[in-house]
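What follows is the residue order along each chain.
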Amino acid sequence: MYIHTYITGHGKLRSYLHRFGLIDNPKCLCEEEEETMNHLIFHYKILHNQRNEMIKQIKNTCDNWPTTNETLVNDYLPIFSKFVKSIDFQTCSDTLL
Ligand SMILES: [Zn+2]
């Protein structure tokens, strides 16, 4: 449930908060693009180490990277879950609050 919330771009993501008019800027702290789940999973630099760890574990099971959100949730939930839990949304979405 928790994972799916983030996968679908809901939760505390800035792109989501922006869609509902709660904040002015949907961009991630890195300013490269909107803060979406895809951005955090595949591009966000600050998660580099956690991402590498996840990629290593996925490659160990003979699958390819990059993969899709669906594959992550369906086939690698324990690994992916660990990655998502490592995301500090408080810092990431340094919001207006
Ligand atoms: Zn970013």
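Scoring rules and cut-offs
Residues numbered from 1 in each chain as written. Predicted model: local features only at pLDDT ≥ 70, side-chain atom pairs only at ≥ 80, totals over all residues. pLDDT = per-residue confidence, 0-100. Helix = DSSP H or I, 4+ residues; strand = E, 2+ residues; numbered from the N terminus. Contact = placed C-beta atoms within 7 Å. Expected span 1.5 Å × (residues − 1). Axes fitted to C-alpha atoms, helices over the stretch in contact; angles between N-to-C directions. Parallel < 35°, antiparallel > 145°, perpendicular 65-115°, else oblique. Nonpolar A, V, L, I, M, F, W, Y, C, P; charged D, E, K, R; others polar. Buried ≥ 20, exposed ≤ 12 C-beta atoms within 10 Å, placed from the backbone.

Caption draft 1: Spotlight on the confidence of the model for the chain. For the chain, per-residue confidence averages 81 on the pLDDT scale, and 78% of positions sit at 70 or higher. Looking across the chain, the model is least confident in helix α7 (residues 89–92), with a mean pLDDT of 57, and most confident in helix α4 (residues 48–60), with 93. Scored below 50 in pLDDT, residues 93–97 shows 8 contacts in the model against residues more than four places distant or in partner chains.

Caption draft 2: View of α4. Over its 13 residues, α4 runs 18 Å from end to end, which matches the ideal 18 Å to within 8%, given 1.5 Å per residue. Downstream of α4 by one or two residues, Cys62 has phi in the positive range, about 70°.

Caption draft 3: Quick look at the packing of α4 against helix α6 (residues 77–86). Following both chains from N to C, one finds α4 and α6 inclined at 180°, their axes separated by 10 Å at the closest point. When the axes of α4 and α6 are compared, the pair comes out roughly antiparallel. Within the contact between the two elements, α4 uses Gln50, Arg51, Met54, Gln57 and Ile58 and α6 uses Ile79, Phe80, Phe83 and Ser86. Across the contact of α4 with α6, the residue classes break down as 5 nonpolar, 3 polar and 1 charged.

Caption draft 4: Broad picture of the environment of Cys30. Within the fold, Cys30 resides in the loop between α2 (14–19) and α3 (37–42). The exposure class assigned to Cys30 is partly exposed, which follows from the 13 C-beta atoms found within 10 Å. Sequence spacing of Cys30 and Lys45 is 15 residues, and the spatial spacing of their C-alpha atoms is 7.9 Å. If near-sequence neighbours (up to four positions away) are discounted, Cys30 is found in contact with Tyr44 and Lys45.

Caption draft 5: How the structure looks around the environment of His18. Mapped onto the elements of the fold, His18 is located in helix α2. Residue classification places His18 among the partly exposed residues on the basis of 16 C-beta atoms within 10 Å. Separated by 16 residues in sequence, His18 and Glu34 have C-alpha atoms that sit 9.7 Å apart. Residues contacting His18, with those up to four places away along its chain left out, are Ile23, Asn25 and Pro26.

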